[in-house]
Amino acid sequence: MHLHPNLINLLSRVYKRELDPRRAARVYREYDLDRGYGPYHEHCRARFERAANVEAALPLVTRGFEYLPVLSEADAGATLERLEAEHEIAYLKKDTRNLEGFHVDDPDFIADTLTAVLTPSVDQRLAGFFQSEYLVHWVTFSMTPRAPRQASVSFRWHCDRGPRAHLKLIVYLNSTEAHGGNTEFIDLDDTARVAERGYLFGWTETRTGDVDHLSRIAGAPIRAHARPMAAGDGVVFQPASVLHRGLSPALGPRYVITLCLLPSPVPWRTALERGAMSDLARDPKWHRHADQLLDAVQ
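Rules used in this analysis
- Residue positions within a chain follow its written sequence, with the count starting from 1.
- Restriction of local features to residues with pLDDT of at least 70 applies here, the model being predicted, together with a cutoff of 80 or more for giving and counting side-chain atom pairs; totals for whole chains, interfaces and linings are based on all residues.
- Side-chain metrics rest on all non-hydrogen atoms present in the structure, leaving aside hydrogens and water.
- We call two strands paired when DSSP finds no fewer than two bridges between them.
- Numbering goes from the N terminus for both helices and strands, where a helix is a DSSP run of H or I of at least four residues and a strand is a run of E of at least two.
- The axes are straight lines fitted to the C-alpha atoms, using for helices just the contacting stretch, and the angles between their N-to-C directions are given from 0 to 180°.
- The contact rule is simple, with two residues in contact once any of their heavy atoms fall within 4.5 Å.
- Partly exposed describes any residue whose relative accessible area lies between the buried limit of under 20% and the exposed limit of over 50%, with all areas from a 1.4 Å probe on protein chains only and scaled to the type maximum.
- By the definition adopted for this analysis, an angle is roughly parallel if under 35 degrees, roughly antiparallel if over 145, roughly perpendicular if from 65 to 115, and oblique otherwise.
- Residue polarity is assigned by list, with Asp, Glu, Lys and Arg as charged and Ala, Val, Leu, Ile, Met, Phe, Trp, Tyr, Cys and Pro as nonpolar; anything else, Gly included, falls into the polar class.
- Of all possible arcs, the one meant is that of the directions from the helix axis to the C-beta atoms.
- Salt bridges are counted wherever a side-chain nitrogen of Lys or Arg sits within 4 Å of a carboxyl oxygen of Asp or Glu.
- Each pair of aromatic rings taken from Phe, Tyr and Trp, with Trp reduced to its six-membered ring, is defined by centres within 6.5 Å and is described as stacked if the planes are under 30 degrees apart, edge-to-face if over 60, and tilted in the remaining cases.

K.L.:
What is the right way to look at the sheet that holds strand S4 (residues 133-144) in this model?
P.N.:
In sheet architecture, strand pairing relies on hydrogen bonds along the backbone and comes in two forms, parallel and antiparallel. The strand order across the open sheet built from 7 strands is S1-S7-S5-S9-S4-S3-S2, with neighbouring strands paired in antiparallel fashion. Looking along the sheet, the strands with just one partner apiece sit at the ends: strand S1 (65-69) and strand S2 (89-91). On average, adjacent strands in this sheet sit at an angle of 35° to one another, irrespective of strand direction. Note: S4 against strand S9 (residues 254-264), 11 bridges, orientation antiparallel. Each bridged residue has a counterpart across the sheet, and for Thr 144 the counterpart in S9 is Arg 254. Contacts between helix H3 (residues 37-46) and the sheet are confined to S4 and S9, with S9 contributing the most and set at about 75° to the helix. Helix H6 (residues 107-117) rests against S4, strand S5 (167-172) and S9 of the sheet, and its axis sits at about 105° to S4.

K.L.:
Looking at this model, I keep getting lost on the pairing of strand S7 (residues 233-237). Mind explaining?
P.N.:
The two faces of the sheet receive side chains in turn, since in a regular strand these alternate between them. Judged by how many residues are buried, S7 sits mostly within the fold: 5 of 5 residues are covered. In this structure, S1 lies alongside S7, joined through 5 bridges in antiparallel fashion. Directly across from Glu 66, in S7, lies its bridge partner Val 236. In terms of strand pairing, S5 meets S7 through 4 bridges, oriented antiparallel. Residue pairing for S7: Ile 170 is matched across the bridge by Val 235.

K.L.:
So what exactly am I meant to see when it comes to the packing of H3 against helix H12 (residues 290-297) here?
P.N.:
Each pair of packed helices can be summarised by the angle the axes make with each other and by the distance between the axes. Where H3 contacts H12, the two axes come as close as 8 Å, and the packing angle between them is 30°. By the angle class used here, H3 and H12 are roughly parallel. Contact residues: H3 offers Tyr 37, Tyr 40 and His 43, while H12 offers Ala 290, Leu 293 and Leu 294. When grouped by side-chain class, the residues that make up the contact of H3 with H12 number 5 nonpolar, 1 polar and no charged.

K.L.:
Teacher, can you tell me more about the environment of Val 54 here?
P.N.:
When you line up the elements, Val 54 lands in the loop between H3 and helix H4 (58-62). When its relative accessible area of 44% is taken as the criterion, Val 54 is described as partly exposed. Between the C-alpha atoms of Val 54 and Arg 125, which are 71 residues apart in sequence, the distance is 7.8 Å.

K.L.:
It is not clear to me how H6 should be interpreted in this structure. Could you clarify?
P.N.:
The periodicity of an α-helix, 3.6 residues per turn, causes residues three or four places apart in sequence to face the same way. Of all the residues in H6, the buried ones are Phe 109, Ile 110, Thr 113, Leu 114 and Val 117. Projected down its long axis, H6 shows its buried positions confined to an angular sector of 125°, all on one face. Turned more than 90 degrees from where H6 packs its buried face, Pro 107, Asp 108 and Asp 112 sit exposed. On its buried face, H6 is in contact with helix H5 (73-86), helix H7 (120-130), S4, S5, S9 and helix H11 (268-273).

K.L.:
How should I be thinking about the pattern of salt bridges in this particular structure?
P.N.:
When the charged atoms of two side chains with opposite charge come close together, those side chains can pair. In the structure shown here, the tally under the stated rule is 14 salt bridges. Between Arg 193 and Asp 190 there is a salt bridge; the shortest N-O distance is 2.5 Å. Taken as a pair, Arg 193 and Asp 190 lie in helix H9 (residues 188-196) at a separation of 3 residues, close to a single helical turn. You can call Arg 193 partly exposed: its relative accessible area is 37%.

K.L.:
Sorry, what's going on with the packing of aromatic side chains here?
P.N.:
Describing an aromatic ring pair means giving the distance of the ring centres and the angle of the ring planes. Considering all chains together, one arrives at 10 aromatic pairs under this definition. Judged by centre distance (6.1 Å) and plane angle (25°), the ring pair of Phe 102 and Tyr 255 falls under stacked. With Phe 102 in strand S3 (residues 100-102) and Tyr 255 in strand S9, this pair connects stretches of sequence that are 153 residues apart. For Phe 102, a relative accessible area of 4% puts it in the buried group. For Tyr 255, a relative accessible area of 13% translates into the label buried. Taken together, a centroid distance of 5.2 Å and an interplanar angle of 75° make the contact between Phe 129 and Phe 130 edge-to-face.

Such coordinate-based values are descriptive only and should not be taken to indicate function.
What follows is the structure, given as structure tokens:
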């Protein structure tokens, strides 16, 4: 009996194994090679004209994430007040209703916010990690409502599909004390143990929120990391290589700014002025090929 190729593809998806040790390599190959983000990164590094502070990026490079102060508590509060006064709550991604927040289309507000967030200390870590200039691929101003459990699968352990050389910076606009939520991380070494057993990038239905389940998969103890966040605190991490998950707010809504960052051949302000930033409410999450991004910034 001969099955139609479309049926074979459907069956393979239905019977896809929860654990596939080769899956992570396939995902990385898709973005780094097939979509050209690897050669794009090398191009950016070749164009880098300033000295990178490699030591400043060591925790990010070796552990996969780092906490750092970004905004003052007063500035975080002022940013939140302005968001609430000037922008309505809307869905932030075109393909899901599980991410809500303030959809900001004011270029001056965005530029001012990015300037405030990308402090010299943050800049040192980003440039040190990429060994190049960097750009803001997208920015969101999200609101996570109080709930015992969130519908979004981002509140279960996962890595983000995308090039390995990309970062996310989350800046909290209100404190853990106020909302009761957080973000947990598993460092690079422990994530690699789980990846070797094939957990990464599986179906969303197979994601777990139980770190003990990950320990059983890895065959070794896996540790989750989190700390209380004050308003203005940030955390930068490697989302494609570090397992992470949100913790649902138990006391009130959680407000954060999230930046997705990519290497760039030009400084981030220049890339922003040239229109290289995407809008998740309108644009695909990733370019079909990194040449599209290169054309935009150059």
